[in-house]
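# Coordinate analysis (summary)
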Amino acid sequence: QEQLLESGGGLVQAGGSLRLSCEVSGLDLSHYTMAWFRQVPGKIREFVGIIWSGGNTYYVDSVKGRFTISRDNAKSTVYLQMNNLKPEDTAVYSCAAASAANVYLQSQYLYWGQGTQVTVSS
């Protein structure tokens, strides 16, 4: 059974760092495009960044230069390193897996994790 499990969330002060992990089971991570999303209660889910199977990445402007996505296919894990965190980064962060490389819509992601809470205090 395919499963994505996020971990690493928590409470951090503004300017601090966190590293989130997304452990994948039941599928071969090397064949999937992986992305991170975040959601604040009452707001739509927001795309954060994506990493393709070849390792290329892309980020939303608000996190460029602060967040880095990486993957370790041997460990079946995708990471989101978050530096210089800001209060507006507070959200539930989720990872998602897509089998296609050309991913434009959230509906194209086949598998989703439950999410991990990140809270940044000012």
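To be clear, the structure that these remarks concern was listed above.
Quick caveat: nothing in here was measured; it's all calculated off a predicted structure. (Residues numbered from 1 in each chain as written. Predicted model: local features only at pLDDT ≥ 70, side-chain atom pairs only at ≥ 80, totals over all residues. Heavy atoms only, no water.)

### Quick word on the sheet that holds strand β8 (residues 77-82)
The pairing of strands in a sheet comes from backbone hydrogen bonds and takes either a parallel or an antiparallel form. To be explicit about the condition: The pairing criterion is simple: DSSP has to find at least two bridges between the two strands. Strands here are runs of E lasting at least two residues and helices are runs of H or I lasting at least four, both read from the DSSP assignment and numbered beginning at the N terminus. Orientation is described by lines fitted to C-alpha atoms, with helices fitted over the stretch in contact, and by angles between N-to-C directions that extend from 0 to 180 degrees.
The four strands are arranged β1-β3-β8-β7 in an open sheet whose pairing can be described as antiparallel. Looking at which strands have only one partner, the edges of the open sheet turn out to be β1 (3-7) and β7 (67-72). When the angles between neighbouring strand axes are averaged without regard to direction, this sheet yields 15 degrees. The sheet contact formed by β1 and strand β3 (residues 18-25) spans five bridges and is antiparallel. If you follow Ser7 over to β3, its bridge partner there is Ser21.

### Some thoughts on the pattern of salt bridges
Cut-off, in case you're wondering: Salt bridges, as used here, are contacts in which a Lys or Arg side-chain nitrogen is within 4 Å of a carboxyl oxygen on Asp or Glu. Each residue is placed in one exposure class: buried if its accessible area under a 1.4 Å probe, protein chains only, is under 20% of its type's maximum, exposed if it is over 50%, and partly exposed if it falls in between.
Within the structure shown, the criterion is met by four salt bridges. Across the salt bridge formed by Arg38 and Glu46, the nearest N and O atoms sit 2.7 Å from each other. Relative accessible area serves as the criterion here: at 7%, Arg38 is assigned to the buried category. The closest approach of N and O atoms between Asp61 and Lys64, which form a salt bridge, is 3.0 Å. For Asp61, a relative accessible area of 59% gives the class exposed. Sharing partners across several salt bridges, the network here consists of Arg38, Glu46, Arg66 and Asp89.

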